[in-house]
Each structure stands twice: as C-alpha cells, then as structure tokens.
Amino acid sequence: MPHDPSFQIAADGLSDTIQLLAKACDSDAFEAALKTVPSALPHQGQSESTALPLLADLVLGGAKQLDAALSFAHMDPPTPWLTWAMTLWNARLNQNLLHPATAPAARIVEERVVAWLAPYFGMSGGHMVPSSTVANLTALWAARDVKGVTEVAAPDTAHVSIPKAAKLLGLRYRPLPTDREGRLLPGGATHFEQSCLVLVAGATSTGVIDPLSLAGKAAWTHVDAAWAGPLRLSNAHAPKLEGIERADSVAVSAHKWLFQPKESALIFFKDTQAAHEALSFGGAYLAVPNVGLLGSHGAMAVPLFAMLLAWGQEGYAERIDRCMAVAAQFAAFVENEPKLELLAAPETGVIVWRPRHIELDAFSSRLPNGLASRTIVAGEPWLRCVAANPVVDIDAVIEAVRLAL
Ligand SMILES: *Cc1c(COP(=O)(O)O)cnc(C)c1O
C-alpha cells in the first residue's frame, strides 16, 4: 500500500487549521496574500503546511464575519461550531448520496431530517438540494409533470429563481400584482386551472408573506419559504405561515434561518411518491433511481441533523424568536426616530427603512459595513436589515445608526 500522508489524519495540520479559525478579517493580510497567488497553476506544489498561512490570509483574512456584533444586512447567518465539525467529517468521508452503497449512513440521516421537518409544513416528505433556487426549479418541474401545468403565476416581487425556473421548464410566466410592500394582492389573482401558483413566505426584499389562504386554489401551489419557512419551528411565530399545509410543495433554505453552512436547502412535497416518481430517472450503473436534479452530491443533511439533535425544536425556536425580537426592537427604534422612515412593521425579521431628509448614498456610506443592504421597493430605494444573526448586538446597531444621522 503506497504511503501518502496527504490522505492521513494529520493531527498537527488539522489542529493548526482550527487555531487559525479565530483569525479576524484582515484586509492588509488579504491584499498581501492576493499578490502572492500565482497567476498560473504552479508546476511544483509548496506542500500543505506551507500553503496554510497563505490560505489563512486569503480565505480567512478576506472574509466577512457573519457573527460580528453589527452584522445585520443579509439573509446569511453565522453557523454554529458543530456544523463546522460535521462539514469537516463530510469532506473527509466524501460520501455520494447517488448510490446507497457509497453513503449508507448519510442516506438514512437525510431521510430522518426530511421526516422530522416535513410535518411542520404539512408535507409528507421530499429531499435535500443545495439551494432554494434548485428547490424552486424542482417544485415547478414536479408541477409540470405531475399536474401538466402550462404556466407559472407568481407575485411580481418573486425571487429571480422563479422566472428562471419557468424559462428552463418552457412554462409561461405570469407576474401577479402586489401591494406597496410586495405582498401578492389576492384580488389580482384568478384563473389558476392550468397554473402553478407560487406564493412567497418571506419576500427577499421586504420579508412579507403572501396570502397563504390562496394555497390549494391552483392546479399546483408552491410556497417559496426559502427565508421564512423556519418560523414553523417557533410556537410563537408558526401561525404566520398558516395555510402553508395546503400547498403541494414547499421550498426552505437551510443555509438561511436554519443556520446551516452553504449549500443546504429542502424541497418538500404533499404527495412525495407522485412527485418523486415524476422526477426519477433510472440508468445502467444506478442501483436506485436518481431522484431530482442532482447527480453526485454530498451528505448536506449531516450538519443539519447534528443541529436538530443538539438544539431540538426548542433550541431552534429560541434563536429564531431572538432574531424576531431584535427585528422588532430595531423597527421600533426607526419608527420612533423622526429622522427615519419605516416601510412597514417587519413580518419576518426583514426591516426596510431609510432616512427622511438625508440623501441615501451619503447616509449609507456613514453606516458601518455589513449593517444594512440596499433594496428597491415599488421603484424607490430603501435600506434593508435582516435579523439572521442571533448574536447581533442590537444596541450597538442602533447606536451606529444614531451616529450616522
Ligand atoms: C434566498 C431566496 C431564494 C433563493 O434561495 P437560495 O437558497 O439562495 O438559492 C428564493 N426565494 C426567496 C424568497 C429567497 O429569499
């Protein structure tokens, strides 16, 4: 057996990588490291231990810290440490869920995660995918091939992945009118006999939830709950998504409010058997049918399984509730500050706001990096904060906004 230490457990090297994790972002180190990156593939390698400091300056030094006290701008959460460890195990084991023979435990873990979570959405099952972009495409594919829908009808504020999926599947795309906050207007939506109706639970720009009472009133209803789906784990906030259980399919991004490393998402179906049959392909070397869009893929369920075990529903609810409380606190500050304007009370932890009499560019350039993002709502520019970071220091955020006024 050839001896190749690159494939062995290198305790020192691995321990160094863990020590380095504490390194803060460092733009000088990053710029310097960037200059030393070879422009062409090196003919001769420099060894793992020599590459590590350069990698640290580049990858860690040049990263945004999503667990920072003022990190409040995007749907990307920090990740709990156990998910880092599970991601390391995944990389070491490199299981392929395409074949039961190459991923015996990993397939069981994914089945369990799906079985644990599907009932919160009134669904019977489903599978994991890398993103809600893929989950949405998978859902519309099932809608087309199970129910023969010919068009996709969605709020005109729907995520870009919805028109993209309609185009890929050769389905007509019908944008539906929305209110000032981007919520589907129920009156503007009729004639869904041939349609897949997409309802959004947690619009990307404003966090609003479409009227889920429309679920079940089309040939197929898909709920894009990429952002707000995890509210179902919170006893306090689950009722906001009432009606989701009447959908035919639901997409949820685990790398958003389930605090998972990218890429991690779920597609759930009401009738999983019919959907999976429509999405199945057999093949010469396949022991079991290949379900869905992905071929070879890794055990993305493992870090999610780990957190569901470690935190349980209660642990998830506690962190999501904390994010919702922080969003409410920030919205109350904006509402009570005469120099600021709030678009509306935040429905799912997304706060859309702006200064009243100060030019937006000048104001946002005075805000700390990572505190707010920009968005356009009904043609007008706004600032947007997202409560995805359970360890955000909301008092410090409010103080930073006061200072910029
Ligand atoms: C983020 C988001 C998506 C896309 O999810 P990814 O996992 O980033 O591909 C789709 N729809 C909505 C409403 C989203 O917020």
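Residues numbered from 1 in each chain as written. Predicted model: local features only at pLDDT ≥ 70, side-chain atom pairs only at ≥ 80, totals over all residues. Heavy atoms only, no water.

Student: It is not clear to me how the nonpolar core should be interpreted in this structure. Could you clarify?
Tutor: Most often, soluble globular proteins have nonpolar side chains that are buried together. Membership of the largest hydrophobic core comes to 89 residues, with the highest contact counts inside it found for F72, V250, L266, F268, L304, F330 and W353. Considering every element that reaches this core, the biggest residue donor is helix α9 (residues 301-336), with 17 residues. Both domain 2 (94-310) and domain 3 (312-404) contribute no fewer than three residues apiece to this core. (Core = buried A, V, L, I, M, F, W, Y, C linked by side-chain atoms within 4.5 Å. Buried < 20%, exposed > 50% of the residue type's maximum accessible area, 1.4 Å probe, protein only. Helix = DSSP H or I, 4+ residues; strand = E, 2+ residues; numbered from the N terminus. Domains from an automatic or database assignment.)

Student: Please explain a nonpolar patch on the surface as it appears in this structure.
Tutor: Among the surface-exposed residues, I9, L14, L88, W89 and L93 lie close enough to one another that they form a single nonpolar patch of about 540 Å² accessible area. At 3 residues, the largest contribution of residues to the nonpolar patch is made by helix α4 (residues 81-93). Take W89: it is sitting in helix α4. (Patch = residues over 30% accessible without salt bridge, like charges linked within 9 Å, V, L, I, M, F, W, Y side chains within 5 Å. Areas by Shrake-Rupley, 256 points an atom, 1.4 Å probe, with all protein chains shown as cover. Salt bridge = Lys/Arg side-chain N within 4 Å of Asp/Glu carboxyl O.)

Student: Quick question: what am I supposed to make of the sheet that holds strand β11 (residues 350-355) here?
Tutor: Sheet strands associate in pairs through backbone hydrogen bonding, adopting either a parallel or an antiparallel arrangement. Taken together, the 4 strands give an open sheet; going across it, the order is β10-β11-β13-β12, and neighbouring strands pair in antiparallel fashion. Only two strands of the sheet have a single partner each, and these edge strands are β10 (340-342) and β12 (373-377). Neighbour-to-neighbour, the strand axes of the sheet open up by a mean angle of 45°, direction not taken into account. Relative to strand β13 (residues 380-386), β12 is paired through 5 bridges, and the arrangement is antiparallel. Across the sheet, residue V377 finds its bridge partner in β13, namely E380. In this fold α9 packs onto β10, β11 and β13, with an angle of close to 130° to the strand it touches most, β10. (Pairing = 2+ DSSP bridges. Axes fitted to C-alpha atoms, helices over the stretch in contact; angles between N-to-C directions. Contact = heavy atoms within 4.5 Å.)

Student: In this structure, what is going on with the site of the ligand? I would like to understand it.
Tutor: Contacts to the ligand come from 16 residues, most closely from S132, T133, D224, H255 and K256. Within the contact set of the ligand, an oxygen atom lies 2.6 Å away from a side-chain nitrogen or oxygen of T133. The leading source of residues in the shell around the ligand is helix α6 (residues 132-147), at 3 residues. By residue class, the composition of the shell around the ligand is 4 nonpolar, 10 polar and 2 charged. (Near = heavy atom within 4 Å. Polar contact = N/O pair within 3.5 Å; in protein donor to acceptor, adjacent residues only side chain to side chain. Nonpolar A, V, L, I, M, F, W, Y, C, P; charged D, E, K, R; others polar.)

Student: Is there a simple way to think about the pattern of salt bridges in this case?
Tutor: If charged atoms from side chains of opposite charge come close, those side chains can pair. Overall, the coordinates contain 14 salt bridges when judged by the stated rule. Between R183 and E181 there is a salt bridge whose closest N-O contact spans 3.1 Å. Among the ionic pairs, R246 bridges to E245, the shortest N-O distance being 3.8 Å. Because the salt bridges share partners, they merge into one network encompassing D179, E181, R183 and E347.

Student: Explain the side chain of D224 here, please?
Tutor: Structurally, D224 can be placed in strand β5 (residues 220-224). Although D224 lies buried, it forms no salt bridge, and the closest oppositely charged side chain, K256, sits 6.7 Å away as judged by the N-O distance. Not counting residues within four places of it along the chain, the set of residues in contact with D224 comprises N136, H159, I162, V198, L199, V200, A201 and A251. (Lys, Arg positive; Asp, Glu negative; His and termini not counted.)

Student: Quick question: what am I supposed to make of the packing of aromatic side chains here?
Tutor: Two measures describe an aromatic ring pair: the distance that separates the ring centres and the angle between the ring planes. This model, assessed by the stated rule, comprises 11 aromatic pairs. Summarising the aromatic geometry, the rings of W116 and F305 are spaced 5.3 Å apart at their centres and angled 15° between planes, so their arrangement reads as stacked. Here W116, found in helix α5 (residues 104-117), pairs with F305, found in helix α9; they are 189 residues apart in sequence, far enough to count as distant. Accessibility expressed as a relative area gives 33% for W116, which makes it partly exposed. Here the aromatic rings of F330 and F333 are separated by 5.9 Å at their centres, their planes lie at 45°, and the arrangement is tilted. Pair noted here: F330 and F333 are both in helix α9, with a separation of 3 residues, about one helical turn. Comparing F330 with F333 shows no difference in burial state: the two are buried. Each residue in the set F72, F330, F333, W353 and F363 is aromatic and connected to the rest through ring pairs, giving one cluster. (Phe/Tyr/Trp six-rings, centres within 6.5 Å; stacked < 30°, edge-to-face > 60°.)

Student: Would you mind going over the domain arrangement of the chain with me for this structure?
Tutor: Reports often express the size of an interface as the amount of accessible area lost when the parts come together. Under the domain assignment, the chain is made up of domain 1 (11-63), domain 2 (94-310) and domain 3 (312-404). Centre-to-centre separation of domain 1 and domain 2, based on C-alpha positions: 37 Å.

Student: Is there a simple way to explain the pairing of strand β6 (residues 249-253) in this structure?
Tutor: Sheet faces and side chains relate simply in a regular strand, where the side chains alternate between the two faces. The buried fraction of β6 is high, at 5 of 5 residues. With burial as the criterion, each face of β6 is covered, one bearing S249, A251 and S253 and the other bearing V250 and V252. As paired elements, β5 and β6 share 3 bridges and run parallel to each other. Looking at the pairing, V223 lines up with V250 of β6. Bridge count for β6 against strand β7 (residues 265-269) is 5 bridges, and the pairing is antiparallel. Opposite S249, over in β7, you have F269 as the bridge partner.

Student: What should I look at first to understand the sheet that holds strand β2 (residues 151-155) in this one?
Tutor: The sheet built from 7 strands is open, its strands ordered β1-β7-β6-β5-β4-β2-β3 with mixed pairing. In the strand order of this sheet, the two ends are held by β1 (125-129) and β3 (172-176), each with one partner. Each adjacent strand pair in this sheet contributes to an overall mean axis angle of 20°, direction not counted. Here 5 bridges tie β1 to β7, and the two strands are oriented antiparallel to one another.

Student: Explain unusual backbone geometry here, please?
Tutor: Among all residues save glycine, negative phi is the norm, and among peptide bonds the norm is trans. Cis geometry marks the peptide bond from K262 to E263, where omega comes out at 0°. Mapped onto the elements, E263 comes out in the loop between β6 and β7. At F259, a position not held by glycine, the phi torsion is positive, near 60°. Secondary-structure assignment places F259 in the loop between β6 and β7.

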